[in-house]
Amino acid sequence: AFTLDFKFPLQRIISNPAIGFDYMGVFFHELGHTLAFWLFGYPSIPTFDAEYGGGFTYTVDRILWLQGIVYLLLASCTAWLFKNDYREYAAIVFGFIIFHVSIAFNQGHDIFTLYMGHGFEILIGCFCILRGIIGHSEYGGAERWINMIFGCFMILRNVAMATLLIFSDIGREIYD
């Protein structure tokens, strides 16, 4: 839908893998929303719409003791990292705690959970690209290429969508 009927070389050959990668993108998108909602005490379940494509994350009302468990886990993780001389990682987790507290009790957490759909797609894409570059693979060279291709697909998918939302009225209508 985001190609606006643009034809490109080898389109028939790569369309099936692209459809599979697109559904993987939807999976990671909805998983990003779900994880973000759980971080702020909103139990949620990701769902997928096989008929029309896409997905939706169902949430229920906030349960503050769940958010308390998140803080307990993050504090425990920070203490363990600090105790075992992983001070840099402890500082990163502590920074995340500060960020979390700063947005947890205002509208910031709503914005964060909204953006973490595409944010998680981009994080997964970067992870796959990094994994392909480093070359750590258990199954040989093919795994490196699949990681690179999928990572680039995830990043370019989000760049294309953002470009169409910014510069195209048709792109915004398609997204709506």
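See the structure above.
Residues numbered from 1 in each chain as written. Predicted model: local features only at pLDDT ≥ 70, side-chain atom pairs only at ≥ 80, totals over all residues. Heavy atoms only, no water.

Student: Pulling in residues and values, what's your account of helix 3 (residues 87-104)?
Tutor: The first and last C-alpha atoms of helix 3 sit 25 Å apart over 18 residues, in line with the 26 Å expected at 1.5 Å per residue. Of the residues making up helix 3, those classed as buried are Ala 90, Val 93, Ile 97, His 100, Ile 103 and Ala 104. In a view along the axis of helix 3, the buried residues occupy a sector of 160 degrees, so they form one face of it. Those residues of helix 3 that are exposed and angled more than 90 degrees off the buried face are Glu 88 and Ile 92. (Helix = DSSP H or I, 4+ residues; strand = E, 2+ residues; numbered from the N terminus. Expected span 1.5 Å × (residues − 1). Buried < 20%, exposed > 50% of the residue type's maximum accessible area, 1.4 Å probe, protein only. Arc of directions from axis to C-beta.)

Student: Requested: an account of unusual backbone geometry, with residues and values cited.
Tutor: If you check the backbone angles, Asp 85 has positive phi at about 60 degrees while not being a glycine. The topology assignment puts Asp 85 in the loop between helix 2 (64-83) and helix 3. Exposure remark for Asp 85: the relative accessible area of 55% places this residue in the exposed category.

Student: Outline the nonpolar core, listing residues and values.
Tutor: In this structure, Phe 28, Phe 40, Phe 112, Met 116, Phe 120, Ile 124 and Phe 150 are the most contacted members of the largest nonpolar core, which totals 16 residues. Listed by contribution, the elements that provide at least two residues to this core are helix 1 (11-39), helix 3, helix 4 (108-134) and helix 5 (141-167). Considering each element in turn, this core owes the most residues, 5 residues, to helix 4. Among residues more than four places away in sequence, those in contact with Ile 124 are Phe 28 and Phe 150. Membership of the second largest hydrophobic core comes to 6 residues, among which are Val 70, Leu 74, Leu 81 and Ala 90. (Core = buried A, V, L, I, M, F, W, Y, C linked by side-chain atoms within 4.5 Å. Contact = heavy atoms within 4.5 Å.)

Student: Explain the packing of helix 3 against helix 4 to me, using residue names and the numbers behind them.
Tutor: In contact at an axis separation of 7 Å, helix 3 and helix 4 are set at 115 degrees when each is read in the N-to-C sense. Contacts between helix 3 and helix 4 involve Phe 99, Ile 103 and Ala 104 from the first element and Gly 108, His 109 and Phe 112 from the second. A breakdown of the residues in the contact of helix 3 with helix 4 according to their chemical character gives 4 nonpolar, 2 polar and no charged. (Axes fitted to C-alpha atoms, helices over the stretch in contact; angles between N-to-C directions. Nonpolar A, V, L, I, M, F, W, Y, C, P; charged D, E, K, R; others polar.)

Student: Can you lay out the packing of helix 4 against helix 5 for me, pointing to particular residues and giving the numbers?
Tutor: Interhelical geometry of helix 4 versus helix 5 gives an angle of 150 degrees and a closest axis separation of 7 Å. Taken together, the axes of helix 4 and helix 5 are roughly antiparallel relative to one another. Crossing of helix 4 against helix 5: the hand is left-handed. Of the residues in helix 5, those in contact with His 118, Glu 121, Ile 122, Ile 124, Gly 125, Cys 126, Cys 128, Ile 129, Arg 131, Gly 132 and Ile 133 of helix 4 are Glu 143, Arg 144, Asn 147, Met 148, Phe 150, Gly 151, Cys 152, Met 154, Ile 155, Arg 157, Asn 158 and Met 161. Classifying every residue of the contact of helix 4 with helix 5 by side-chain character gives 12 nonpolar, 6 polar and 5 charged. (Parallel < 35°, antiparallel > 145°, perpendicular 65-115°, else oblique. Left-handed = near helix turned anticlockwise from the far one by under 90°.)

Student: Give me the lowdown on helix 2, citing residues and values where you can.
Tutor: For helix 2, spanning 20 residues, the distance from its first C-alpha to its last is 29 Å, which sits close to the expected 28 Å at 1.5 Å a residue. Among the residues of helix 2, those classed as buried are Leu 66, Gln 67, Val 70, Tyr 71, Leu 74, Thr 78 and Leu 81. The arc enclosing the buried residues of helix 2, seen along the axis, measures out at 150 degrees, which places them on a common side. Facing away from the buried surface of helix 2 by more than 90 degrees, the exposed residues are Trp 65, Leu 72, Leu 73, Trp 80 and Lys 83. Looking at the packing, one finds that the buried side of helix 2 touches helix 1 and helix 3. At the exit of helix 2 stands Asp 85, carrying a positive phi of roughly 60 degrees.

Student: I'd like to hear about the pattern of salt bridges, residue by residue, with values.
Tutor: In the structure shown here, the tally under the stated rule is 5 salt bridges. With its nearest N and O atoms 3.3 Å apart, the salt bridge here joins Asp 85 to Arg 87. For Arg 87, a relative accessible area of 42% gives the class partly exposed. Among the ionic contacts, a cluster of salt bridges with common partners joins Asp 22, Glu 121 and Arg 157. (Salt bridge = Lys/Arg side-chain N within 4 Å of Asp/Glu carboxyl O.)

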